[in-house]
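Chain and residue survey
Okay, here's what each chain looks like letter by letter:
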Amino acid sequence: MYPFTTPPVEKLPDSDMSPRQESTTAPAFSSSTSAVSEKEGPSEDRMRRLTIRGIRDAESWRLVNGREFRAPLVSRWRSLSIQLQTVLHNLLERQTRGESLPPDDLVILENTRLLETFSLEIREALNSLRGPGVLREGNNVLPRSYSVAVSFLETVELNIAEQDLFRYLEGIQQVEGLLMSEVWVLKPMLELAILEQITNHSERFRSHRETAHGEESPADNRVTGFAPKAFQALRGLQEIDWTEFFDQNNVAERALRRDPSGVYAKMDDTSRQMYRKAVEELARQSLFSEEEVAKQSVFLAIRANSRARKQDLRSLNRKTHVGYYLLGGGLQVLKRRLGCTPPWKQRLLDMVLEWPEVFYVVGVEVMTLGFVFFLLYHLGIVIPLVPGLLLLIPASHAAVGIVNRLTSILVPPRRLPKLDFSEGIPLECTTLVAVPCLLLSEAEVRRNVQALEIRYLGNRDPNLHFALLTDSPDASERFDEHDELVGTCSTLIDELNQKYARDEHGSFLHLHRHRVYNPSDRKSTR
């Protein structure tokens, strides 16, 4: 585990020490002695109490592994969706009849579109829900991510703040780190818990009014005001930058950011997500947690850096990056260290990637001989030598096509990891964009120079430079009229450098390859 900066846990009053009892029904977020009130403000004592509450909640949970816990929550969500649609339909009918709706019901009706948006987001999140479950009353097991969301909302009484959630998760992960997928689905799980309370509140309020025959009572005033607070909490969730929140609160992500090469933290989100997927897959294939898998990859990168004495710089840069062990040539080293037991499909893919030449050549040969034997056997030819030789060429063509198709199925395409240069290109990554072209005519040269200028205007950066890589067409003589265009192109490039000299956003270059006489062709070629 990572060392946290949280102050040591102090003994709390008895009312705050008792673990919270989990319920199979949606909890009501009402005031309690264990809740951390927003009125306390962002004081250090309040932050400490949130962390302590997270520790107490995590210690009180009975985790269950090795089973699929998504189905109960999906079933629960379907029932809630039907209930929510019924509530909205009833409110709309009452409004259409001209009835006077209570303030809370008006708020719910006014935010119908918002509820639909949250419903869609929750439904998509449930499809990718993973992680251990928490045993609740009645031997019901629900995903831990949902239990985290419910417990946090009870603790803060629907007063959601990013810093509060950060401190609460800090306490949770001092007991056991959350999976990457659990941190990602925290937002929809929080939305689900709040929607449950909005729906239950509306149902309770309607039942109470029907029981009282529409008469006002003190109970009406006690429940009024919940809906605005709930929707304020939902909007607060929308304002949080969840990508940055994940980077700060996932223990495996923190480990990967210790990459000794410093490359991982500079990569774009898509590339870092590839690395996280690799960590998740390795954790499923081994007995190690995601955090431990990430730490092992960092350890191997650090060890490669300490052992690199006679290696060239390029090899050193590869082996001191965590990606080399998660996606590259060092993957097998990491798998052996973790004791991974991949499924048979993954083993087959690993064999293909480890010996690609053997797979391709032997596959084509075996497939070719199989085709020839199959055809000759069914033709009943006793002496298959000559017919077999004649069939080798068409059979080999068919075998190559089949092996190519099998290769595309077994080895799916994969994105190349990229650095994030959205804020600019650093000095150590200075780049030259070279555009090849032929010097055919002056008009063609001017068009190519103009196109180079357009590329520059769309990609201005001090460490990004542009060049025309020109060639003259083949000719019988070493020099001809096309070579005069070299000077024209260089002049136009110089004019561009003078035109944008004050911008200090990169430069223009002209790189030309002169023809060389080729005795075999008896002409000058590029």
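Residues numbered from 1 in each chain as written. Predicted model: local features only at pLDDT ≥ 70, side-chain atom pairs only at ≥ 80, totals over all residues. Heavy atoms only, no water.

A short note on the pairing of strand 6 (residues 508-513)
- By the alternation rule, side chains of strand 6 split into Phe508, His510 and His512, which are all buried, and Leu509, Leu511 and Arg513, of which none is buried.
- Note that strand 5 (residues 464-471) and strand 6 share six bridges and pair parallel. Each bridged residue has a counterpart across the sheet, and for Phe466 the counterpart in strand 6 is Phe508. (Buried < 20%, exposed > 50% of the residue type's maximum accessible area, 1.4 Å probe, protein only. Helix = DSSP H or I, 4+ residues; strand = E, 2+ residues; numbered from the N terminus. Pairing = 2+ DSSP bridges.)

Describing the nonpolar core
- Among the nonpolar cores identified, the biggest contains 85 residues, and Ile194, Leu195, Ile198 and Leu326 are the most heavily contacted of them.
- Counting residues in hydrophobic clusters, the runner-up holds 19 residues, among them Val435, Leu485, Cys489 and Ile493. (Core = buried A, V, L, I, M, F, W, Y, C linked by side-chain atoms within 4.5 Å.)

Observations concerning the packing of helix 22 (residues 442-458) against helix 23 (residues 484-499)
- At a minimum axis separation of 10 Å, helix 22 and helix 23 run at an interaxial angle of 25°. Classified by the interaxial angle, the pair formed by helix 22 and helix 23 is roughly parallel. Where helix 22 crosses over helix 23, the handedness of that crossing is right-handed. Residues Glu442, Val445, Arg446, Val449, Leu452 and Glu453 of helix 22 form the contact with helix 23, whose participating residues are Leu485, Thr488, Cys489, Leu492, Ile493, Leu496 and Lys499.
- Taken together, the residues of the contact of helix 22 with helix 23 sort by class into eight nonpolar, one polar and four charged. (Axes fitted to C-alpha atoms, helices over the stretch in contact; angles between N-to-C directions. Parallel < 35°, antiparallel > 145°, perpendicular 65-115°, else oblique. Left-handed = near helix turned anticlockwise from the far one by under 90°. Contact = heavy atoms within 4.5 Å. Nonpolar A, V, L, I, M, F, W, Y, C, P; charged D, E, K, R; others polar.)

Some details on unusual backbone geometry
- In the Ramachandran plot, Glu157 falls in the positive-phi region, its phi being about 55° despite a non-glycine side chain.
- As for its placement among the helices and strands, Glu157 is situated in the loop between helix 6 (144-156) and helix 7 (162-175).
- Of note, the phi angle at Leu158 is positive, near 70°, even though the residue is not glycine.
- Here Leu158 shows up in the loop between helix 6 and helix 7.

Some thoughts on helix 14 (residues 269-285)
- Compared with the 24 Å implied by 1.5 Å per residue over 17 residues, the 24 Å span of helix 14 between its first and last C-alpha is a close match.
- Those residues of helix 14 not exposed but buried are Ser271, Arg272, Met274, Tyr275, Arg276, Ala278, Val279, Glu280, Leu282, Ala283 and Gln285. (Expected span 1.5 Å × (residues − 1).)

Some thoughts on the packing of aromatic side chains
- Throughout the structure, instances matching the rule amount to nine aromatic pairs.
- For the ring pair Trp184 and Phe246, a centre distance of 4.2 Å and an interplane angle of 10° mean the geometry is stacked. With a gap of 62 residues between them, Trp184 in helix 8 (residues 180-184) and Phe246 in helix 12 (residues 242-249) connect regions that are remote in the sequence.
- A relative accessible area of 1% places Phe246 in the buried class. (Phe/Tyr/Trp six-rings, centres within 6.5 Å; stacked < 30°, edge-to-face > 60°.)

Brief notes about the side chain of Arg167
- Position of Arg167 relative to the elements: it lies in helix 7.
- Given a relative accessible area of 14%, Arg167 falls into the buried group.

Some remarks on the pattern of salt bridges
- For the structure shown, the criterion picks out 28 salt bridges.
- When the shortest N-O distance is used, the salt bridge between Glu176 and Arg144 registers 3.8 Å. Taken together, the residues Glu176 in the loop between helix 7 and helix 8 and Arg144 in helix 6 connect sequence positions 32 residues apart.
- The exposure class of Arg144 is buried, given its relative accessible area of 3%.
- Note that Lys295 is salt-bridged to Glu291, the shortest N-O span being 3.4 Å. Highlighted residues: Lys295 and Glu291, both in helix 15 (residues 290-307), separated by four residues, approximately one helical turn.
- What makes Lys295 partly exposed here is its relative accessible area of 30%.
- Looking at Glu291, the relative accessible area reads 7%, which means it is buried. (Salt bridge = Lys/Arg side-chain N within 4 Å of Asp/Glu carboxyl O.)

What about the pairing of strand 4 (residues 431-438)?
- Pairing analysis gives eight bridges linking strand 4 to strand 5, with the strands arranged parallel. Residue Thr431 lies in a different strand from strand 5, and its bridge partner there is Leu464.
- Assessed by its sense of winding, the connection that carries the chain from strand 4 through helix 22 to strand 5 is right-handed. (Right-handed = clockwise from strand over helix to strand, strands pointing away.)

A short note on the confidence of the model for the chain
- Taken residue by residue, the chain gives an average pLDDT of 81. The fraction at 70 or more is 81%.
- Confidence over residues 1-24 falls short of pLDDT 50; this stretch has 56 contacts with residues more than four positions distant or in other chains.
- Counting contacts from residues 216-222, a segment whose pLDDT is below 50, to residues more than four positions away or on other chains yields seven contacts. (pLDDT = per-residue confidence, 0-100.)

Topic: the sheet that holds strand 4
- Pairing within the open sheet is parallel, and its three strands lie in the order 4-5-6. In this open sheet, the two edge strands, each paired with only one partner strand, are strand 4 and strand 6. Taken pair by pair, the neighbouring strands of this sheet meet at an average axis angle of 25°, ignoring direction.
- Across the face of the sheet, helix 22 comes into contact with strand 4, strand 5 and strand 6 while running at roughly 165° to strand 5.
- Contacts from helix 23 reach strand 5 and strand 6 within the one sheet, and its direction differs from that of strand 6 by about 165°.

Quick notes on helix 11 (residues 226-239)
- With 14 residues, helix 11 extends 20 Å between its outermost C-alpha atoms, agreeing within 8% with the 20 Å of an ideal straight helix rising 1.5 Å per residue.
- Of the positions making up helix 11, those classed as buried are Phe226, Ala227, Ala230, Phe231, Ala233, Leu234, Gly236 and Leu237.

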